[in-house]
Amino acid sequence: MSKKIYIFDTTLRDGEQSPGISLNANEKLKIATQLSELGVDIIEAGFPIASNGDFEGVRLIAKNVRNSTIAALARASKNDIDGAWEALKYAERPRIHAFIATSDIHMKYKLKMSSEEVLGKAVEMVAYARGLCPEVEFSPEDATRTNPEFLYRVIESVIDAGARVVNIPDTVGYSTPSEIGALIRNIRNNVSNIDRATISVHCHNDLGMAVANSLSAVENGAEQVECTINGLGERAGNAALEEVVMALKTRNDYYSTSTRIVTEKLYRTSSMVSFSTGVHIQPNKAIVGANAFAHESGIHQHGMMSNSKTYEIMTPESVGLKQSQMVLGKHSGRHAFEEKLKEMGYCNLEQDEINEAFQMFKDLADKKKYIMDRDIEALVTQGSNKAPETYKLEHFQTSSGSGITSTSTVKISCKDCIREEAACGDGPVDATFKAIDRSVGMRIKLDEYSIKASTGGKDALGEVTVRISKDNLKSVGYGVSTDIIEASAKAYVNAINNMESRLREPDTEEIKVLKLAKDKNYFGAGVEDDWEFEASNLI
Ligand code: KIV
Ligand code: ZN
């Protein structure tokens, strides 16, 4: 009999803490909807007290996403827990995830609290959260570096206080597979009431062992695994969901477990997260990397032709990579295009998104003989990443060459204006970005620029991702074109539009209430917040 393993996805919380990633509430909702369709059991939607954006993201997801439990993170303080509940309360199945650090080093230097104070706070806050929310998870942060006897006491006490899930975080990715396996076993043997809770594991990848550590925890009794799509997360990231799930599935003979994940949706989910966050996937990444199912050497190709099992332990189809039979081109009509979108898993596109993608496909087909799946993916992504177009790139012209200064002229339209500006720069992309800055009247910082070809061939689409910032606001933009300067200009304007739309987002009623309550110190009244740090710097 297969033992059920619950998949807890924290892409939108721990993953979003990756350097440079910043998703707005609508992008988070889109990803959460996909995670729910993927079959994720619990979606950690954010850390509401960290920012208004996080609060709004959790609220929107709690209101709209069904079929998964929605969790929100909170430090062990009333302020955080109230904020988490305020954002979560609309969820069909809400879960408050409260945490406090339990290792000596964290208690002494970060919290400046004694172990007895930490224990008291954990129990009090789990009970408080339980009074608001039917399901409470507790994490003793830095558990793998915590004194085991103290860890058992904390776990036993929070279970008595109402926690139904106890999560064991390897916060700094320090553990080894056999150590974390033994820790889970010891928790089962030393915590008297452990049968009243589910044991979860949450591994970071600082030593590249996050997936191996998670699997070892499962072998030793963990029933929930916390992970992220593409292994996103703080520093070196978290355990990659797609790797954990495919390891459990492919080696079911060894693990004897099952998950609810529809593995055929893994590839699509991974691409969506990669596009929205602007974090590319390395080609040799397990399961979803471009080379994960490519066979280059002659010996391997020969083996594959005789029997694919010679070199393939799982099929590309099982993770949603279709070996496409249908290649589109100039003569393909709308029906074939829509069939292709469905085959690729784009089943929920709005009619105007399909129309726009079809128009872009037709334009591309004039320039490129064969349109591959990756081209279509790039076009659809460009269309679906569009924020309202405050600014629109109407026209650009560049001049560059060896030994001359690059210049660029751009024409940008906005609601009731057309602006044309020129600039010189260090290459045509730099000149174009400077001309766009002038046209929109802003000085924008380019934090990151990356370009890749969607497919092989000289006529491949160039895909450009940019990350920009202005004051404290960050944004990502994406653009595609067979002309890489045009792709760059589109990505830059897209990033500016994303930033603009975020600036214009009005505060929701809940955020107004929360701000007012915070101003009046309603949540914090009489609460011992002397160990509080800035939420965003805490974990
Ligand atoms: O890594 C960690 O310790 C965490 C906890 C908040 C669960 O992310
Ligand atoms: Zn973490």
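Residues numbered from 1 in each chain as written. Chains lettered and ligands numbered in written order. Predicted model: local features only at pLDDT ≥ 70, side-chain atom pairs only at ≥ 80, totals over all residues. Heavy atoms only, no water.

(A) Structural context of helix H3 (residues 78-88). Among the eleven residues that make up H3, ten are buried, leaving the element largely enclosed by the rest of the structure. Within the span of H3, buried status applies to Asn79, Asp80, Ile81, Asp82, Gly83, Ala84, Trp85, Glu86, Ala87 and Leu88. (Buried < 20%, exposed > 50% of the residue type's maximum accessible area, 1.4 Å probe, protein only. Helix = DSSP H or I, 4+ residues; strand = E, 2+ residues; numbered from the N terminus.)

(B) Region of the structure containing the site of ligand 1. All residues in the neighbourhood of ligand 1 are listed as Arg13, Asp14, His97, Phe99, Ser139, Glu141, Asn167, Pro169, Thr171, His202 and His204. Between ligand 1 and Arg13 there is a distance of 2.9 Å, counted from an oxygen atom to a side-chain nitrogen or oxygen. Here an oxygen atom of ligand 1 sits 2.6 Å away from a polar atom, N or O, in the side chain of Thr171. Expressed as a share of its isolated accessible area of 260 Å², the protein-covered part of ligand 1 is 98%. Residue assignment for the shell around ligand 1 shows that the elements contributing at least two residues are strand S5 (94-101), strand S6 (136-141) and strand S7 (165-170). When the residues that make up the shell around ligand 1 are grouped by side-chain class, the tally is two nonpolar, six polar and three charged. (Near = heavy atom within 4 Å. Polar contact = N/O pair within 3.5 Å; in protein donor to acceptor, adjacent residues only side chain to side chain. Areas by Shrake-Rupley, 256 points an atom, 1.4 Å probe, with all protein chains shown as cover. Nonpolar A, V, L, I, M, F, W, Y, C, P; charged D, E, K, R; others polar.)

(C) Molecular detail of the nonpolar core. The biggest cluster of nonpolar side chains holds 94 residues, and the ones touching the most others in it are Ile155, Ile187 and Leu241. Ranked by residues supplied to this core, first place goes to helix H6 (residues 148-161) with eight residues. Not counting residues within four places of it along the chain, the set of residues in contact with Ile187 comprises Leu151, Tyr152, Ile155, Ile168, Ile194 and Ile199. Formed by 25 residues, the second largest nonpolar core is a distinct cluster that contains Ile436, Met442, Ile485 and Ala495. (Core = buried A, V, L, I, M, F, W, Y, C linked by side-chain atoms within 4.5 Å. Contact = heavy atoms within 4.5 Å.)

(D) Summary view of the sheet that holds S6. The strand order S2-S3-S4-S5-S6-S7-S8-S9 describes a closed barrel built from eight strands, whose pairing is parallel. Direction aside, neighbouring strands of the sheet carry axes that sit 25° apart on average. Pairing geometry for S6 and S7, over two bridges, is parallel. By the bridge assignment for S7, Glu137 is matched with Val165. (Pairing = 2+ DSSP bridges. Axes fitted to C-alpha atoms, helices over the stretch in contact; angles between N-to-C directions.)

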